[in-house]
Every structure is written in structure tokens, then in C-alpha cells.
Amino acid sequence: QCSLALAYTPSGSRLLQLAMETDGISDDTRALLVDQLRGHVFAAAASPHGNHVLQKFIASVPPQRFQFIIDELLGRAAEAAEHQKRCRILERLLEHCPGGMTAGLVEELLLRASRLARHPFG
């Protein structure tokens with residue numbers, strides 16, 4: 001639970017982010033660092049510090065490594081899009097994933113497009 005606790009603190013978040021961008025760290029090691037956030041993605045994405053860890057992870061590893069993040073946002077994509085911090089995770093996913101991986105999220109967002117278009121973070 002160490003990485004989970006670290007992700008919620010300013011210094012811990014920076015430490016995890018630094019590990020993500022350090023040369024010589026394997027994708028397996030990066031995945032192990034973030035694995036403790038499984039089951040906690042929605043909460044971590046709302047955290048002022050945890051969302052940065054998720055964003056860095058998404059930008060640092062191949063898309064198949066963060067499928068669990070997509071899975072945990074499915075069914076809640078519109079809610080995430082309307083949140084000041086969670087919307088950043090959706091942005092990173094759309095930037096770094098092939099379309100097929102995010103199709104479910106995009107479909108949810110399109111169903112709420114009218115409302116999201118008027119929302120400050122949507």
C-alpha cells in the first residue's frame with residue numbers, strides 16, 4: 001500500500017512521477033509502482049496529487065499497461081469529464097491510447113456531449 005499512500009501526498013506524488021520518467025526503469029517496474037492504485041483509480045484521479053501519478057504513468061508506458069485505468073473509468077466517463085482533476089486522466093487516455101481502447105469512454109462522452117459542451121471541464 002506504499003505507492004497508494006505516496007500518491008496522495010505532494011512529495012510522494014513527485015517521487016512516483018520521477019520514478020516514471022527515470023531512464024533505465026522498466027515498464028514492468030513502472031506498472032508495479034502504480035499497481036496499488038488498481039481499484040482506487042476514480043479516487044486517485046480526483047486527488048490533487050494522485051492524478052499526476054496516473055497522468056505520468058499513462059504517458060510513460062505502452063497503452064496495454066494502463067487498461068485497468070480505462071476499465072475503472074468505464075461507466076463514469078462523463079462524471080470524470082466534469083471533474084477538475086479527473087478530466088485530465090481522460091485527456092491523457094485520449095492522447096496516448098489507440099481509438100479502440102477508448103471507444104467505450106468516448107461513446108459515454110458523446111452520449112452526454114450536449115451537457116459536457118457547456119461544462120467548464122467537460
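One structure accompanies this document, and this report is about it. (Residues numbered from 1 in each chain as written. Predicted model: local features only at pLDDT ≥ 70, side-chain atom pairs only at ≥ 80, totals over all residues. Heavy atoms only, no water.)

The next point concerns the layout of surface pockets. Computed from the structure, the largest pocket encloses a volume of approximately 160 Å³. What lines the largest pocket is simply Ala81, Cys87, Leu90, Glu91, Leu94, Val106, Leu109, Leu110, Ala113, Leu116, Phe121 and Gly122. Considering every element that reaches the lining of the largest pocket, the biggest residue donor is helix α8 (residues 86–96), with 4 residues. Broken down by class, the residue content of the lining of the largest pocket amounts to 10 nonpolar, 1 polar and 1 charged. (1 Å grid on protein atoms, 1.4 Å probe; cavity = no way out; pocket = protein on both sides within 12 Å on 5 of 7 lines; lining within 4 Å. Points joined across faces, edges and corners; volume = space filled by probe spheres on them. Helix = DSSP H or I, 4+ residues; strand = E, 2+ residues; numbered from the N terminus. Nonpolar A, V, L, I, M, F, W, Y, C, P; charged D, E, K, R; others polar.)

Of the residues making up helix α3 (residues 27–35), those classed as buried are Arg30, Ala31 and Val34. Take α3 and look down its axis: the buried residues cluster within an arc of 100°, on one side only. On the buried face of α3, the contacting elements are α2 (10–21), α5 (50–60) and α6 (67–73). (Buried < 20%, exposed > 50% of the residue type's maximum accessible area, 1.4 Å probe, protein only. Arc of directions from axis to C-beta. Contact = heavy atoms within 4.5 Å.)

Glancing now at the pattern of salt bridges. A pair can form between side chains of opposite charge whenever their charged atoms are brought close. Counted under the stated rule, the structure contains 8 salt bridges. Residue Arg30 is joined to Asp27 by a salt bridge in which the shortest nitrogen-to-oxygen separation is 3.2 Å. Of the two residues, Arg30 and Asp27 are both situated in helix α3; the distance of 3 residues between them amounts to about one turn of the helix. A residue is classified by how much of its surface remains accessible, and Arg30, at 9% relative accessible area, is buried. Look at Asp27 and you get partly exposed, because its relative accessible area is 25%. For Arg38, the salt bridge is made with Asp35, and the minimal N-O distance between the two is 2.3 Å. Given the relative accessible area of 43%, Arg38 is considered partly exposed. (Salt bridge = Lys/Arg side-chain N within 4 Å of Asp/Glu carboxyl O.)

Read these as layout, nothing more, since geometry by itself doesn't imply function.
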